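Chains, contacts and geometry: an overview
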Amino acid sequence: MIDLFSGLDAWVLVSLLLALTFVLAFEFINGFHDTANAVATVIYTKAMPPHLAVFFSGVFNFLGVLLGGVGVAYAIVHLLPVELLINVNTGHGLAMVFSLLAAAITWNLGTWYFGIPASSSHTLIGSILGVGLANALLNDIPLGDGVNWQKAIDIAMSLVISPMAGFAVAALVLIGLKWWRPLSKMHKTPEQRRKLDDKKHPPFWNRLVLVISAMGVSFVHGSNDGQKGIGLIMLVLIGIVPAKFVLDLNSTTYQIERTRDATLHMSQFYQRNAATLGEFLALGKAKSTDLPEQFSCNPQQTEPTIAALQSSLHGVTDYRDLSAEKRVEVRRYLLCLDDTAKKVGKLPGLESREKADLEKLRKDLTATTEYAPFWVIVAVALALGLGTMVGWKRVVLTVGEKIGKQGMTYAQGMSAQITAACAIGLANVFSLPVSTTHVLSSGVAGTMVANKSGLQGGTVKTILLAWVLTLPASMGLAAGLFWLASKAIG
């Protein structure tokens, strides 16, 4: 790791270390900001003592980051338009990173301080969108091109649908439990259990399910939210020291050959579908000399881009053999070909089998650009895991007692946690960022309605207000900070 930062100017090194500290601080805050959502039910129902629940939640968050992959990480990265990702320079990268991190950290700390279960995911995504839109305004780029809107829509849909699904599914699970065992002790609250049965803890099987599902929520939270931190660090590294991180320098010869073969097969794919794609890609019309000096992604430059990439990778067995400028160039080609392939995959007229083939080619094409060094994954895992072990008390009471008009029963806790673990795990499979906060709190609200307990209007309004305001507030804050930073660096 240390050799990756050798030879950097002092100011770049200091800026880089400061930016990495900001990201890890965001993940640490994310840990204690969202931990309460993973352990609220298990602590409130006294299934586990608070210190044990928080400790094991931290451990499972850590494991979730380690084993979660990088799919969600690059879903976050690709919220920014490909033009911004391929043309970023050190000063611009610093302004972008510090603006979005400062905005995200400020909003997260504010909502945590007031005990509001607001979403770190919404905060981060809003900050990234704010930077993208501010960059468009500053550079006279159409706002439609300032953000990768298709990716933003996909993510927005996952963020909106997941809490609605959490509400409905958790309610149905509770109804099922009440139908299956209507007289079970799992339908008691901790207070009723203490008064009627003189017992402090839930019945054994309920307690076991509560503990396992809480650790499941912690694991999938680590996987989903930890990847957001990984994506942020990769934005930092690529933006500030691109030569070292635009490509995975540890790629094997086989992986490089696989990337090179993918470009050849992609060219063959386009030729095979020339009748459908010829006009969109200007097949047979563009020449290898058509690439402009100021490189930009354009589907009609696909053929010359493929030719230029194959030329750049000809005979290459180790990315370290390429000059710094050549590595940046190769990444630009790869990102542009991937961006074009995504657009092609959405065109009408392509058969489902052809779209599936194109998706496989995209994975091979980006195998050496969509990566994260192991030390990045470990650093994020540690920050999130350690953050998990502090600051949880403020939100536990909100989730346990202030969403419904009555306290939470054991069955409600199980229903909400099982639903949250499954929903977030499913989102991980499809590389979609979701909000642990909103899925779990919506699940609790759903069980309160199903249990005919009613909802506390004040708390629900506060949570909904935070849900509505988080995105525009973080967008505006990040955009303002980016505008100021861009003016400062001239």
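Under an unreviewed UniProt entry, the protein chain has the name Phosphate transporter and belongs to Pseudomonas guariconensis. Looking at the protein chain in UniProt, the text filed under Catalytic activity (unreviewed entry) is "phosphate(in) + H(+)(in) = phosphate(out) + H(+)(out)".

**What to know about the overall build of the protein chain**
Helix and strand content of the protein chain: 20 helices and 0 strands. Going through the 490 residues of the protein chain one by one, you find that 54% of them count as buried. For the protein chain, contacts bridging at least 24 residues in sequence account for 83% of all contacts bridging at least 6. In the structure as shown, the protein chain presents an accessible area of about 20900 Å², 63% of it carried by carbon and sulfur atoms.

**Comments concerning the nonpolar core**
Counting 91 residues, the largest nonpolar core has Ile230, Leu237 and Tyr270 as its most contacted members. Residue contributions to this core peak at 10 residues, all from helix H5 (residues 90-113). Residue contributions to this core reach at least three from each of two domains, namely domain 1 (7-242 + 370-487) and domain 2 (251-365). Ala47, Ala171, Ala214 and Ala411 belong to the second-largest nonpolar core, a separate cluster that totals 29 residues.

**Notes on the environment of Lys228**
Among the structural elements, Lys228 can be located in helix H9 (residues 204-240). Of the residues examined, Lys228 reaches a relative accessible area of 3% and is grouped as buried. Residues Lys228 and Val70, spaced 158 residues apart in sequence, show a C-alpha to C-alpha distance of 8.8 Å. Residue contacts for Lys228: discarding those within four places in its chain leaves Glu27, Val72, Ile76, Ser121, Leu124, Pro433 and Val434. Side-chain polar atoms of Lys228 contact the side chain of Asp225, separated by 2.9 Å.

**Points about the packing of H9 against helix H16 (residues 374-388)**
Axis angle and axis distance: for two packed helices, these are the angle between their axes and the distance between the axes, and together they describe the pair. The contact between H9 and H16 brings their axes to 9 Å, and the two run at 125°. Between H9 and H16, the interaxial angle falls into the category oblique. In this structure, the crossing between H9 and H16 has a hand that is right-handed. Residue-level contacts link His221, Gly222, Gly226, Gly229, Ile230, Ile233 and Leu237 of H9 to Trp375, Val376, Ile377, Val380 and Leu384 of H16. Its residues assigned to classes, the contact of H9 with H16 shows 8 nonpolar, 4 polar and no charged.

What counts, and at which threshold
Numbering of residues starts from 1 in each chain and follows the order in which that chain's sequence is written. Per-residue local features are limited, in this predicted model, to residues with pLDDT of at least 70; the limit for side-chain atom pairs, both in listing and counting, is 80 or more; totals at the level of whole chains, interfaces and linings are taken over all residues. The side-chain values count all of the structure's non-hydrogen atoms but skip hydrogen atoms and water molecules. UniProt positions are given in the numbering used here, feature names are shortened, and annotations may be inferred rather than shown by experiment. For helices the rule is a DSSP run of H or I covering at least 4 residues; for strands it is a run of E covering at least 2, with both sets numbered from the N terminus onward. Classification of residues uses two cut-offs on accessible area relative to the type maximum, computed with a 1.4 Å probe and protein chains only: under 20% is buried, over 50% is exposed, and between them is partly exposed. In what follows, a contact means two residues having at least one pair of non-hydrogen atoms within 4.5 Å. Surface accessibility follows the Shrake-Rupley procedure with a 1.4 Å probe radius. Residue values consider only the protein chains on display as shielding. For our purposes a nonpolar core is just a set of buried Ala, Val, Leu, Ile, Met, Phe, Trp, Tyr and Cys residues, chained together by side-chain atoms within 4.5 Å. Where each domain starts and ends comes from a domain assignment, either automatic or drawn from a database. Within 3.5 Å is the distance limit for a polar contact, defined as a pair of N or O atoms, with the added protein rule that one can donate a hydrogen and the other accept it, and that residues adjacent in sequence qualify only through two side-chain atoms. Only the contacting stretch of a helix is used when fitting its axis, a line to C-alpha atoms as for every element, and angles between N-to-C directions run 0 to 180 degrees. Note that the term roughly parallel is reserved for angles under 35 degrees, roughly antiparallel for angles over 145, roughly perpendicular for angles of 65 to 115, and oblique for everything else. Here a crossing is taken to be left-handed if its near helix is turned anticlockwise relative to the far helix by less than a right angle, and right-handed if that turn runs clockwise. All residues other than Ala, Val, Leu, Ile, Met, Phe, Trp, Tyr, Cys, Pro, Asp, Glu, Lys and Arg, Gly among them, are scored as polar; the first ten of these are nonpolar and the last four charged.

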